[in-house]
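# Summary of structural features
Letter by letter, the chains look like this.
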Amino acid sequence: MTEIAPGVQLIDTQLGGRRGLTSAYLIAGTQPALVDPGPETSAGLLIGELHDLGVGPDDLAWIVLTHIHLDHCGGTGALAAAFPRARVVVHERGARHLADPARLVAASHEVFGATAPLHGGLAATAAERIVVAPDGHRVPVNDDESLEMIATPGHARHHMSVLHQTSGVLIIGDAVGTQLKGGNLYPNTPPSDVDIVAGRHSITRLGVRRPALITLSHFGPTDDPEATLAEADDALERLGHAALEGYREGGRAGIAAAVDRYLPIDETIGDADVLALWRWMAWDQHNIAGLEIWAQRQEADKATA
Ligand SMILES: [Zn+2]
């Protein structure tokens with residue numbers, strides 16, 4: 001664990017046993033909050049880390065989710081069982097899946113393919129412990145201190161970013177993409193409901209908040225919040241062009257070729273070890289599959305407009 005700002009601890013949730021790939025955040029307070037428990041396969045490790053940080057079974061007040069992809073939320077049911085007083089804060093579209101996860105798990109495993117066992121599943125959370133968070137919802141961590149939930153659709157329709165108001169730390173989830181140690185930023189555009197236009201709009205909204213620090217789920221704080229947002233916006237614009245142009249030229253293969261022209265993954269990420277991790281996770285393939293679904297929807301919307 002690393003304290004990235006006063007009261008904000010980064011905990012490495014080590015998806016697939018790899019360090020520097022997935023992160024959770026513990027926000028200190030009289031009502032401590034854990035943001036994004038990570039995959040179910042890491043729940044035991046995370047519970048141990050929380051114990052080491054002095055968070056006892058009755059202490060954790062909140063489990064807060066940026067979104068319900070299994071590398072972020074898979075440990076929720078296990079954590080909720082280990083911390084029986086914690087309530088789970090999630091976007092409206094995520095709530096029913098946490099209470100009844102079978103469909104979400106099946107659909108996620110279909111997308112993940114070979115990496116499904118690395119993630120594990122998701123145990124159900126009792127519906128009465130789930131708190132639906134609209135845009136602007138505040139999660140109290142102290143008498144005078146809270147986390148603000150900011151709706152940031154794009155990576156997924158139900159994606160939210162979490163602003164720690166005291167420190168100005170913005171726990172941004174996957175809203176701008178992934179930047180693993182040694183490599184550069186690259187967006188994640190997975191199935192099934194990535195939206196490039198909404199994603200760019202979300203980045204603009206986040207910029208208005210002038211965060212003091214941006215920390216990515218994959219992985220950790222960036223050097224300069226403003227530069228990160230600008231870079232992500234530019235990258236999403238390129239991927240949007242690639243998706244639409246490539247799709248017209250020839251479906252998924254066309255998109256892959258256009259992505260190579262507009263935002264080549266090798267050159268953009270620029271680090272062999274980071275690229276190897278991307279490919280191990282199949283994030284490069286998920287990106288093309290997600291862009292194809294988005295391009296299809298855009299074309300269908302145009303046809304019916
Ligand atoms: Zn995600």
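Details of the structure are given in the entry above.
These numbers come from a predicted model, not from an experiment.

## Looking at unusual backbone geometry
Keep in mind that most residues, glycine aside, have a negative phi and that most peptide bonds are trans. Geometrically, the link from proline 191 to serine 192 is a cis peptide bond, its omega value of 5° lying close to zero. Checked against the element boundaries, serine 192 lands in the loop between strand S11 (169-171) and helix H7 (196-208). A cis amide bond links histidine 218 to the next residue, phenylalanine 219, at an omega of 0°. Mapped onto the fold, phenylalanine 219 is located in the loop between strand S12 (213-216) and strand S13 (220-221). Non-glycine residue glutamine 14 carries a positive phi angle of around 50°. Within the secondary structure, glutamine 14 sits in the loop between strand S2 (8-12) and strand S3 (23-27). Overall, the relative accessible area of 14% leaves glutamine 14 in the buried class. Even without a glycine there, the phi angle at arginine 210 is positive, about 45°. Assignment of secondary structure puts arginine 210 in the loop between H7 and S12. Here arginine 210 falls in the exposed class, since its relative accessible area comes to 66%.

## Some thoughts on the coordination of the zinc ion
His67 (NE2), His69 (ND1), His155 (NE2) and Asp174 (OD) make up the full set of protein donors to the zinc ion, lying at 2.1 to 2.6 Å. Metal-centred angles of 84 to 176° between the four donor atoms at the zinc ion mark the site as irregular. Written as a sequence motif, the donor arrangement for the zinc ion is H-x1-H-x85-H-x18-D. Residue histidine 69 is located in the loop between strand S5 (62-64) and helix H2 (70-73), and its partner histidine 155 is located in the loop between strand S9 (145-151) and strand S10 (160-164); the two are separated by 86 residues in the primary sequence. Taken individually, histidine 69 and histidine 155 each receive the classification buried, so the pair is uniform in this respect.

## Details of helix H5 (residues 102-112)
Of the positions making up H5, those classed as buried are Leu104, Val105, Ser108 and Phe112. Angular distribution of buried residues about the axis of H5 spans 95°; they occupy a single face of the element. In this structure, H5 carries Ala102, Arg103 and Glu110 as exposed residues pointing more than 90 degrees from its buried face. Buried residues belonging to H5 abut H2, helix H4 (92-99), helix H6 (116-119) and helix H11 (283-304). Phi turns positive one or two residues past the end of H5, at glycine 113, with a value near 60°.

## Observations concerning a positive patch on the surface
Residues Arg93, Arg96, Arg103, Arg157 and Arg297 make up a contiguous surface patch of positive charge. As for its placement among the helices and strands, arginine 96 is situated in helix H4. With a relative accessible area of 53%, arginine 96 lands in the exposed category.

## A word on the pairing of strand S8 (residues 138-142)
Here S8 pairs with S9 via four bridges, running antiparallel. Bridge pairing links asparagine 142 to glutamate 145 in S9. The antiparallel pairing of S8 with S9 creates a hairpin that spans two residues between the two strands.

## Some thoughts on the environment of glycine 56
Position of glycine 56 among the secondary structure elements: in the loop between helix H1 (43-52) and S5. Separated by 26 residues in the primary sequence, glycine 56 and alanine 82 have C-alpha atoms spaced 9.4 Å apart.

## A word on the sheet that holds S2
For sheets, the rule is that strands pair by backbone hydrogen bonds, running either parallel or antiparallel. With mixed pairing, seven strands are arranged side by side in an open sheet as S1-S2-S3-S4-S5-S6-S7. With one partner strand each, in any of the chains shown, strand S1 (2-5) and strand S7 (130-132) form the two edges of the open sheet. Taken over all neighbouring pairs, the strand axes of this sheet differ in orientation by 25° on average, direction set aside. Pairing between S5 and strand S6 (residues 87-90): three bridges, direction parallel. Considered in S6, the bridge of tryptophan 62 is made with arginine 87. This element, H1, spans S2, S3 and strand S4 (33-35) of the sheet and lies at about 145° to S2.

Cut-offs used in this document
Residues numbered from 1 in each chain as written. Predicted model: local features only at pLDDT ≥ 70, side-chain atom pairs only at ≥ 80, totals over all residues. Heavy atoms only, no water. Helix = DSSP H or I, 4+ residues; strand = E, 2+ residues; numbered from the N terminus. Buried < 20%, exposed > 50% of the residue type's maximum accessible area, 1.4 Å probe, protein only. Donors = N, O, S within 2.8 Å, 3.2 Å for Na, K, Ca; no water. Tetrahedral: all angles 85-135°; square planar, octahedral: opposite > 155°, others 65-115°. Arc of directions from axis to C-beta. Contact = heavy atoms within 4.5 Å. Patch = residues over 30% accessible without salt bridge, like charges linked within 9 Å, V, L, I, M, F, W, Y side chains within 5 Å. Areas by Shrake-Rupley, 256 points an atom, 1.4 Å probe, with all protein chains shown as cover. Salt bridge = Lys/Arg side-chain N within 4 Å of Asp/Glu carboxyl O. Lys, Arg positive; Asp, Glu negative; His and termini not counted. Charge placed at Lys NZ, Arg CZ, Asp CG, Glu CD. Pairing = 2+ DSSP bridges. Axes fitted to C-alpha atoms, helices over the stretch in contact; angles between N-to-C directions.

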